[in-house]
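Letter by letter, the chains look like this.
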Amino acid sequence: MTSATDPNFARPAPPTPVARAAREALFAAIIALGVFGPLLAFRTTQDMQNRLIVETRYGLITIVVLLVFAGRFLLSLWFARERPEAGPALGARLAGLVPRSVRDVVRSGLPPAALVALFVYPMMIMSLTGGSGALKWIDNFGIQILIYVMLAWGLNIVVGLAGLLDLGYVAFYAVGAYAYALIATKVIPATFPGLGVWAFWICLPIAGILAAFWGVLLGFPVLRLRGDYLAIVTLAFGEIIRLVLINWTAFSNGYEGISTIPRPSFFGVPFNASDTGFAATFGLEFSPVYRTIFLYYVIVCLALITAWVSNRLRKLPVGRAWEALREDEIACRSLGINTVNTKLTAFAIGAMFGGFAGSFFAARQGFISPESFTFMESAVILAIVVLGGMGSLVGTAIAAVAMIGGTELLRELDWLKAIFGKDFDPAQYRMLIFGLAMVAIMVWKPRGFVSTRMPTAFLKSRRAVSSDHVKEGHG
Amino acid sequence: MEVFFQQLINGVTLGSIYGLIAIGYTMVFGIIGMVNFSHGDVFMVSTFIALIALMILTTWLGVGSILIALLIVLIVAMIFTSLVSWTIERVAYRPLRGSFRLAPLISAIGMSIVLSNFVQVSQGPRNKAIDPILNNVFVLSAAGGYQVTLSYKQILIVVVTAALLAIFWWVVAKTPLGRAQRACEQDRKMAALLGVDVDRTISITFVMGAALAAVAGTLYLVYYGVVNFHDGFTPGVKAFTAAVLGGIGSLPGAVLGGLLIGLIEVFWSAYFSVEYKDVAAFSILAIVLIFMPQGILGRPDVEKV
């Protein structure tokens, strides 16, 4: 108390922003040393006698700690800077510069433009890179991303519309893939060998129906569960199916998987070098790129069907019931909605699209094994749905392109070898960066990229609903 | 009968490890209602920290007595793993508190991917095997040509688990810190109004869970002698099963659940099939969650409108 009246007492000056930033950065650097220290500074490897030895990497840990220090220092300075009075956010200010009519044109013209781009993509790549280079770009980027877009749109029906958190979606993907692989390699050659070229087109609906059946089968026991518990039980189901596929070798050939799965034909015309093959029939020079382009268009159509069906379903009574269920299950039951049927249809339809995607995956790879259907795949698909802003088809597509395309791009960054040395392989950081991106996007935008909602039923005018009023994830 | 006793010993050992991990799940779920998906990978990270500490102590510093070495390893692993878990909570979960319910779960799944891939990149994807330690055994009975044995490391595991659980129980039941934790568990807002530092209490909960996971990690390394970067997922799910089976939110329940899961896994492997032991664990998880989601010692969850 005396110090307040003492004229000689000087209150310590508040630390300057730079001093405070330096202190925070030092703290962060010490934490980083503790967190990364043990695993980065020391590495256990086998020596010549195959015994475990410890190597040191003090240089690496020094670099990491210095980077954390610098990063935290700049971040603290950035947050401590003098701010002008709070105006509208930068995005809103930029948008204000563009006249409303132009914005409307962009908004309404974007989906058709994206569709056109989707359809001309293979031609564009072909003309840019030529036949052999195009294969990689169409397969790794086009088809790979579109499979995830389709899976995410299928899962979106379960998670985004019905609000049922499913961490075992990959099970239905596996059911579809194994249904096609087993029917095409075992059943059809034994019964109707003449149908061999049509195998894909016959099995596609069968795979979808089987997956839907499994969706109901696995959905039935979990009807009473909600939220996190539902997620964990579906995770358990997904893992059980994978473990059975590994261990029941008589059925699925275990770890070895199923190979020589017949590839899809162009509606009965196979893609091979023979006289009746696709190239010969249409008078083209034989090239493997035609099959890839055909597969690309197949998955584009499958994905668009998924989007179209889920958009139409939203406007049907069952779709409205799903969204009502997501918002409030008790209110739904009080209003006489049959929650059992509503949940089971969501599981079945979501699973059906997973089955379609699975049989397409088997046809594209020509080889499947349980390794392709791990929990990680489910997590990636769910992450895409949530990052896209559950329920939004556009946001989900953006998230799939960003996450899958972004990690695929890492395979292409060979120039990084020039900086980090020959042993540096960017592809091995793929999942690490994927996980970091998941956390970062959640922290930055917990509602995902597109968080507003377009209601299908409205009173006077159709208006986007802000994410603050959307309550999904409780069901 | 001899086989039964041997499996009983093995099951209790394995169950102790699961129980230690399960406490981390059950405490975090109790206090913030979140399934801490990355906890299994925190456990895996702790096995690697323990491995590196053990290698440094035995090969560089030449610590002769294995027990002293293990004690130091245990403390080092607990400190560093706690720090990792504290950082994860600070960076990935705290900003999402009060956000909608899926956000922390997705963030935790992301963290789990980050941890396992970070270890894979920094330590390499191969199995790391150490020379077996504490392998001497007591032969309890040798009737009928089948030896029932109790190894030193099994004794160590059960003793360490029991000692740490006692300390831990004392902290939660008798100290101001434990009282703050129980207060936060019951009503976070009310606890904050009464002067409990909620953020700090939650941080400490994560740290305690991670410290026990580090004990489990060290014991896992001693017991199996092999660690790998993807060994976090399956023990994590089994420990979560244990937490749910015992009644999530209940500490004695987590230990009881851990012991039960360990016993079920060991007996299933011994009497039915080793291949399907994980299927058995996952099936129990599904069955328990569907038919008795409140677990053995948990309180029933009342649905409020």
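Residues numbered from 1 in each chain as written. Chains lettered and ligands numbered in written order. Predicted model: local features only at pLDDT ≥ 70, side-chain atom pairs only at ≥ 80, totals over all residues. Heavy atoms only, no water.

Visitor: Can you walk me through the overall build of chain B in this structure?
Guide: From N to C terminus, chain B includes eleven helices and four strands. A globule of 305 residues ought to have a C-alpha radius of gyration of about 19 Å, and chain B, at 19 Å, matches this closely. Looking at the 305 residues of chain B, the share that counts as buried comes to 58%. For chain B, the share of sequence-separated contacts (at least 6 apart) that also reach a separation of at least 24 residues comes to 76%. (Helix = DSSP H or I, 4+ residues; strand = E, 2+ residues; numbered from the N terminus. Rg over C-alpha atoms; globule rule 2.2 N^0.38 Å. Buried < 20%, exposed > 50% of the residue type's maximum accessible area, 1.4 Å probe, protein only. Contact = heavy atoms within 4.5 Å.)

Visitor: I would appreciate a short explanation of the packing of helix 1 (residues 2-32) of chain B against helix 10 (residues 251-271) of chain B in the present structure.
Guide: Between two packed helices, the angle of one axis relative to the other and the distance separating the axes together describe the packing. Residues and elements named next belong to chain B. Two elements in contact, helix 1 and helix 10, have axes whose closest approach is 6 Å; the angle formed by their N-to-C orientations is 140 degrees. Between helix 1 and helix 10, the crossing angle belongs to the class labelled oblique. The chirality of how helix 1 crosses helix 10 is right-handed. (Axes fitted to C-alpha atoms, helices over the stretch in contact; angles between N-to-C directions. Parallel < 35°, antiparallel > 145°, perpendicular 65-115°, else oblique. Left-handed = near helix turned anticlockwise from the far one by under 90°.)

Visitor: Help me understand the interface of chain B and chain A in this model?
Guide: Interface size is commonly expressed as the accessible area that is lost once the parts come together. The interface is formed by 67 residues belonging to chain B together with 65 residues belonging to chain A. Interface area for chain B against chain A, summed over the two sides, is near 5800 Å², with a carbon-plus-sulfur share of 75%. When the buried surface of chain B facing chain A is broken down by residue, B:Phe100, B:Ile106 and B:Ile290 rank first, second and third, together holding 11% of it. Where chain B touches chain A, the interface holds zero salt bridges. Here chain B is connected to chain A by seven residue pairs in polar contact (both at pLDDT 80 or more). When residues in the side of chain B that touches chain A are grouped by element, the largest group, 16 residues, is from helix 4 (residues 102-123) of chain B. Across the side of chain B that touches chain A, the residue classes break down as 48 nonpolar, eleven polar and eight charged. (Buried area = accessible area lost by both parts, 1.4 Å probe. Salt bridge = Lys/Arg side-chain N within 4 Å of Asp/Glu carboxyl O. Polar contact = N/O pair within 3.5 Å; in protein donor to acceptor, adjacent residues only side chain to side chain. Nonpolar A, V, L, I, M, F, W, Y, C, P; charged D, E, K, R; others polar.)

Visitor: Which parts of the structure should I look at to understand the side chain of B:Thr241?
Guide: All names here are of chain B. Its location among the elements puts Thr241 in helix 9 (residues 233-246). Among the residues examined, Thr241 registers a relative accessible area of 2% and is labelled buried. At 2.7 Å, the side chain of Thr241 forms a polar contact with the backbone oxygen of Val237. Setting aside its immediate chain neighbours within four residues, Thr241 contacts Ile261, Ala281, Ile284 and Leu285.

Visitor: I'm lost on the packing of aromatic side chains in this one. Help?
Guide: Following the criterion strictly, the structure yields 28 aromatic pairs over all chains and no others. Between A:Phe375 and B:Phe233 the ring centres are 5.1 Å apart and the planes differ by 15 degrees, which places this aromatic pair in the stacked class. Taken together, the residues A:Phe375 in helix 16 (residues 375-387) and B:Phe233 in helix 9 connect one chain to another. Arranged with centres 5.9 Å apart and planes meeting at 75 degrees, the rings of B:Phe4 and B:Phe5 form a pair that is edge-to-face. Judged by its relative accessible area of 43%, B:Phe5 is partly exposed. An aromatic cluster is present here, built from A:Phe119, A:Tyr121, A:Tyr296 and A:Tyr297 joined pairwise through their rings. The ring of A:Trp444 carries A:Lys445 above its face, with NZ or CZ at 5.6 Å from the centroid. (Phe/Tyr/Trp six-rings, centres within 6.5 Å; stacked < 30°, edge-to-face > 60°. Lys NZ or Arg CZ within 6 Å of the ring centre and 35° of its normal.)

Visitor: Can you help me understand the pattern of salt bridges in this one?
Guide: With the rule as written, the count across this model stands at 14 salt bridges over all chains. Note that A:Arg326 is salt-bridged to A:Glu327, the shortest N-O span being 2.8 Å. Judged by its relative accessible area of 4%, A:Arg326 is buried. Classification of A:Glu327 by relative accessible area gives partly exposed; the value is 26%. With a shortest N-O distance of 2.4 Å, B:Glu89 and B:Arg97 are connected by a salt bridge. Three or more residues joined by partner-sharing salt bridges are found here, namely A:Arg314, A:Glu323, A:Arg326 and A:Glu327.

Visitor: Mind showing me how you'd approach the confidence of the model for chain B here?
Guide: All names here are of chain B. The share of residues in chain B with pLDDT of 70 or more is 97%, and the mean pLDDT across the chain is 86. At the low end of the mean pLDDT range in chain B sits strand 2 (residues 137-141), at 74; at the high end sits helix 8 (residues 198-224), at 91. Here the predicted complex scores 0.86 on pTM and 0.86 on ipTM. (pLDDT = per-residue confidence, 0-100.)

Visitor: Even after reading the chapter, I still don't get the packing of helix 2 (residues 39-60) of chain B against helix 3 (residues 66-93) of chain B, so can you show me in this structure?
Guide: All names here are of chain B. Put simply, helix 2 and helix 3 touch, their axes get as near as 8 Å, and they point 140 degrees apart. Helix 3 is crossed by helix 2, and the crossing has right-handed handedness. Two secondary-structure elements touch here, helix 2 through Val42, Ser46, Ile49, Ala50, Ala53, Leu54 and Leu57 and helix 3 through Ala69, Leu70, Ile72, Val73, Val76, Ala77, Phe80, Thr81 and Ile88. The residue makeup of the contact of helix 2 with helix 3, split by class, is 14 nonpolar, two polar and no charged.

Visitor: Please explain helix 15 (residues 339-365) of chain A as it appears in this structure.
Guide: Each α-helix turn comprises 3.6 residues. Residues three or four places apart therefore point the same way. Residue and element names in this part refer to chain A. Over its 27 residues, helix 15 extends 39 Å from the first C-alpha to the last, a length consistent with the 39 Å expected when each residue adds 1.5 Å. With 21 of 27 residues buried, helix 15 is to be regarded as a mostly interior element. Where helix 15 begins, the capping side chain belongs to Asn338, and its oxygen is found 3.1 Å from the backbone nitrogen of Val340. Looking one or two places after helix 15, you find Gly366, whose phi comes out positive at around 75 degrees. (Expected span 1.5 Å × (residues − 1).)

Visitor: Explain the environment of A:Phe353 to me, please; I cannot follow it from the model alone.
Guide: All names here are of chain A. Mapped onto the elements, Phe353 comes out in helix 15. Expressed as a C-alpha distance, the spacing of Phe353 and Ala211, which sit 142 residues apart in the sequence, is 8.2 Å. Those residues within four positions of Phe353 in sequence are excluded, and the remaining contacts are Met150, Gly154, Ile157, Tyr169, Thr306 and Val309.

Visitor: Help me out: how do you make sense of empty space enclosed by the protein in this one?
Guide: Using a probe with the size of a water molecule, rolled over the atoms, empty space left in the structure can be pinpointed. Tallied over the entire structure, the rule returns five cavities of 30 Å³ or more. Put simply, the largest cavity is a space of about 110 Å³. Only helix 9 (227-247) of chain A together with helix 2 and helix 9 of chain B provide two or more residues apiece to the lining of the largest cavity. Here the lining of the largest cavity takes four residues from helix 9 of chain B, the largest share from any one element. Classifying every residue of the lining of the largest cavity by side-chain character gives eight nonpolar, three polar and one charged. (1 Å grid on protein atoms, 1.4 Å probe; cavity = no way out; pocket = protein on both sides within 12 Å on 5 of 7 lines; lining within 4 Å. Points joined across faces, edges and corners; volume = space filled by probe spheres on them.)

Visitor: In this structure, what is going on with helix 6 (residues 176-186) of chain B? I would like to understand it.
Guide: All names here are of chain B. For helix 6, every residue scored as buried is listed here: Gly178, Ala180, Gln181 and Cys184. Seen end-on, helix 6 carries its buried residues on one side only, within an arc spanning 155 degrees. In this structure, helix 6 carries Pro176, Arg179 and Gln186 as exposed residues pointing more than 90 degrees from its buried face. On the buried face of helix 6, the contacting elements are helix 1, helix 5 (152-174), helix 7 (188-193) and helix 8. (Arc of directions from axis to C-beta.)

Visitor: Got a minute to help me understand the confidence of the model for chain A in this structure?
Guide: It should be kept in mind that the predicted coordinates are not to be read in detail where pLDDT is low. Of all residues in chain A, 85% have pLDDT values of 70 or greater, and the mean over the chain is 81. The spread of mean pLDDT over the elements of chain A runs between helix 1 (residues 2-5) of chain A, the lowest at 49, and helix 15 of chain A, the highest at 92.

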